[in-house]
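Letter by letter, the chains look like this.
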Amino acid sequence: MNQNTIEEGKTLAIVSYITLLGTLVAYFMNRGKGNEFVKFHIGQALRAWITGLIVTFLAKVLIMFTGIGLLSYFQYAGLVLAIIGGLNAMNGKVEKIPLVGDIG
């Protein structure tokens, strides 16, 4: 992937990390262009948001059964992963997000 591809796709790559709706917007806007940088970051953003949904659900179930309120902080896992990915996109890096970047 060359620097020109990265520069052309940087905006859409960043948009992909702005909620799950941003991921869908970036996906549909990139369909015609086929920018590899955007495609990579859409995949990473999707992993971040799906992880966030799953972890939030599991944390709520665990809180319900254990009563440990501190587990509620796990609901921010998807947001933290999305911020890391967004920073990578903003800096033009093709780095996978921690923990779930290799899934799929």
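Coordinates for the structure precede this section.
What counts, and at which threshold
Residues numbered from 1 in each chain as written. Predicted model: local features only at pLDDT ≥ 70, side-chain atom pairs only at ≥ 80, totals over all residues. Heavy atoms only, no water. Core = buried A, V, L, I, M, F, W, Y, C linked by side-chain atoms within 4.5 Å. Buried < 20%, exposed > 50% of the residue type's maximum accessible area, 1.4 Å probe, protein only. Helix = DSSP H or I, 4+ residues; strand = E, 2+ residues; numbered from the N terminus. Contact = heavy atoms within 4.5 Å. Expected span 1.5 Å × (residues − 1). Bend = angle between axes of the 7 residues up to and from the residue. Salt bridge = Lys/Arg side-chain N within 4 Å of Asp/Glu carboxyl O. Phe/Tyr/Trp six-rings, centres within 6.5 Å; stacked < 30°, edge-to-face > 60°.

K.L.:
Can you break down the nonpolar core residue by residue, with the values?
P.N.:
With 12 residues, the main nonpolar core is built from Ile6, Ala13, Tyr17, Phe37, Ala45, Ala48, Trp49, Leu81, Ala82, Ala89, Ile97 and Val100. Elements with a minimum of two residues in this core: α1 (3–15), α3 (36–66) and α4 (77–90). Filtering out sequence-adjacent residues up to four positions away, Ala48 remains in contact with Gly78, Leu81, Ala82 and Ile97.

K.L.:
I'd love a proper account of α1, names of residues and values included.
P.N.:
Three or four residues apart is the spacing at which side chains of an α-helix point the same way, because the helix has 3.6 residues per turn. Look at α1: 19 Å from first C-alpha to last across 13 residues, which is about the 18 Å you get at 1.5 Å a residue. Remark: the principal bend of α1, roughly 50°, maps to Gly9. Among the residues of α1, Ile6, Gly9, Lys10, Leu12 and Ala13 are the ones counted as buried. Those residues of α1 that are buried lie in contact with α2 (19–30), α3 and α4.

K.L.:
I'd like to hear about the environment of Leu87, residue by residue, with values.
P.N.:
Assignment of secondary structure puts Leu87 in helix α4. What makes Leu87 partly exposed here is its relative accessible area of 42%. On a C-alpha basis, the gap between Leu87 and Ile42 in space is 14 Å, while along the polypeptide they are 45 residues apart.

K.L.:
Kindly report on the pattern of salt bridges, identifying the contributing residues and their values.
P.N.:
Scanning all chains against the criterion turns up 2 salt bridges. When the shortest N-O distance is used, the salt bridge between Glu7 and Lys10 registers 3.4 Å. You can see Glu7 and its partner Lys10 sitting in helix α1, 3 residues apart, about one turn around the helix. Looking at Glu7, the relative accessible area reads 44%, which means it is partly exposed.

K.L.:
Give me the lowdown on the environment of Thr11, citing residues and values where you can.
P.N.:
With respect to the helices and strands, Thr11 occurs in helix α1. Here Thr11 falls in the exposed class, since its relative accessible area comes to 58%.

K.L.:
Quick rundown of the packing of aromatic side chains? Include the residues and the values.
P.N.:
Summed over the entire model, instances satisfying the criterion amount to 1 aromatic pair. Relative to Phe28, the ring of Tyr27 has its centre 5.1 Å away and its plane inclined at 75°; by these criteria the two rings are edge-to-face. Relative accessible area serves as the criterion here: at 41%, Tyr27 is assigned to the partly exposed category.

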